[in-house]
Amino acid sequence: MSILVLNAGSSTLKYALLDDAAKTELVGGVVDWHGGDSTATLHFRTPGCEDSHTLVECSDYRGAVYEILHSLTANGIDKKISIVGHRIVHGGPVFNQPTLIDDHMREELEQISTLAPLHNPPALAAVEAARKVFPDAAHIAVFDTAFYSGLPMHEVLYPLPYQWFEEYGIRRYGFHGISHAYCAARAAEILGRQEDLSLRLVICHLGNGCSATAVRGEQPVATTMGFTPLDGLMMGTRSGSIDPGILLHLMQQHGMNGEHLDESLNRQSGLLGISGVSSDFREVEQSANAGHKRASLAIEMFASRIRSTIGAFTVTLGGIDALIFTAGIGEHSTTLRSRVCNGLQCLNLLLDEDKNRENDADSNIAQMDSAVRILLIRTREEQSIARAAQRIRPGSP
Ligand code: AMP
């Protein structure tokens, strides 16, 4: 028996196969349609082996799920898949727990899709496909927003007319919750402070999407992403928080419509918008090192906003016990971590540059005499999804 985890994006379907206890990843990979046609690349990795990638003919998620199944069988992995855990970005106001997907629940998810038009539809298409390919498995939705269901009301609301909240549901939801929840629990474990309600953490999830969350005793008390995953920190192609007056000005004086603004804010801003080079941090870094001024500026803006958020969240928490870096940039960019921490000495947060350079997952990279631990944690969203799904599978105690 095993658990398959699916994480659908607009042009990718990430997958992982875990053992029945949701502890060990047996296989992981992604089906990637970067070409945008009926051909995709299927990446396949098993622990201790070379990663492989092959071109496959498939134009939709159903084809992709079949290809994943095919490659598992071709590689001699024939464990029965009893649970499929689906990452769903937005659970709306309704879903704040992992939930078994049946036809009724599927319809409710469809309605929530209007809240996350970029993110939920691919996941729903993958749910539909996987239910057809694995009709006997329990399909369980695990939500990125669920971690934030207990956020205090003063963090949930925006300072807007109250009836917008009541009539249109305008509020902060928070995203990347699966990753932040995992990191909070892992940090408590590393620090030996599980179930310590006084533990104060600031977690920075820095990947293509970026968010920070302030956590007390493994519960979030503030987070940067909001009504949508566009809010908060600067990201690969997303702007993060900006003066909303800019949008009014562009609409009123330059005739830009919603579609144009959506495209600009979600896909043409952030690291890409400022550097003009790429949304990929490594490429921006390479250009900056080669003397590209706008690439350097993009990185300085990126780091500065993270630093300010850490400062603000430290005040929210009344202090900070550990700062956590995770996701692609947070886990791998020595220079970004260094840049962020340099300037936070006022919090008595002191980075050990040698440990920082070692890039060891799940390690403390603070100096011995730093008052604040600095942890580099490898996020394991797939494992978290599998565990959450396993806990609520039909028949589990
Ligand atoms: P994610 O969304 O978590 O997969 O993270 C993607 C981001 O991580 C991209 O901007 C990558 O450039 C960045 N990234 C991945 N590996 C590295 C690395 N070794 N150094 C710097 N950035 C990296």
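Predicted model, so just to flag it, every value in this text is computed and none were measured.

A few words now on the packing of helix H2 (residues 103-112) against helix H3 (residues 120-133). The geometry of H2 relative to H3 is characterised by a closest axis approach of 10 Å and an angle of 160° between their N-to-C directions. One way to sum up the angle between H2 and H3 is to call them roughly antiparallel. Handedness of the H2/H3 crossing: left-handed. Here Asp103, Arg106, Leu109, Glu110 and Ile112 of H2 lie close against H3, whose contacting residues are Asn120, Leu124, Val127, Glu128 and Arg131. Class assignment of the residues belonging to the contact of H2 with H3 gives a composition of four nonpolar, one polar and five charged.

The immediate surroundings of the ligand are formed by Gly207, Asn208, Asp280, Phe281, Arg282, Ala327, Gly328, Ile329, His332 and Ser333. For the ligand, an oxygen atom lies 2.9 Å from a polar atom in the backbone of Phe281. One nitrogen or oxygen atom from the main chain of Arg282 is found 3.1 Å from an oxygen atom belonging to the ligand. Coverage of the ligand by the protein amounts to 74% of the 500 Å² it exposes when considered alone. Listing elements by their share of the shell around the ligand, those giving two or more residues are helix H10 (281-289) and helix H12 (327-332). When residues of the shell around the ligand are assigned to their parent elements, the largest contribution, four residues, is made by H12. For the shell around the ligand, the class distribution of residues is three nonpolar, five polar and two charged.

Attention now goes to the pattern of salt bridges. If you walk through the whole model with that rule in mind, you get 17 salt bridges. The salt bridge involving Arg131 is made with Asp103; its shortest N-O contact spans 3.0 Å. Residue Arg131 is located in helix H3, and its partner Asp103 is located in helix H2; the two are separated by 28 residues in the primary sequence. By relative accessible area, which is 22% here, Arg131 ends up partly exposed. Relative accessible area serves as the criterion here: at 54%, Asp103 is assigned to the exposed category. Arg106 serves as the salt-bridge partner of Glu110, at 2.6 Å between the closest nitrogen and oxygen. Pair noted here: Glu110 and Arg106 are both in helix H2, with a separation of four residues, about one helical turn. Overall, the relative accessible area of 44% leaves Glu110 in the partly exposed class.

The rules we used
Residues numbered from 1 in each chain as written. Predicted model: local features only at pLDDT ≥ 70, side-chain atom pairs only at ≥ 80, totals over all residues. Heavy atoms only, no water. Axes fitted to C-alpha atoms, helices over the stretch in contact; angles between N-to-C directions. Helix = DSSP H or I, 4+ residues; strand = E, 2+ residues; numbered from the N terminus. Parallel < 35°, antiparallel > 145°, perpendicular 65-115°, else oblique. Left-handed = near helix turned anticlockwise from the far one by under 90°. Contact = heavy atoms within 4.5 Å. Nonpolar A, V, L, I, M, F, W, Y, C, P; charged D, E, K, R; others polar. Near = heavy atom within 4 Å. Polar contact = N/O pair within 3.5 Å; in protein donor to acceptor, adjacent residues only side chain to side chain. Areas by Shrake-Rupley, 256 points an atom, 1.4 Å probe, with all protein chains shown as cover. Salt bridge = Lys/Arg side-chain N within 4 Å of Asp/Glu carboxyl O. Buried < 20%, exposed > 50% of the residue type's maximum accessible area, 1.4 Å probe, protein only.

Just geometry here; none of it tells us what the structure is for.
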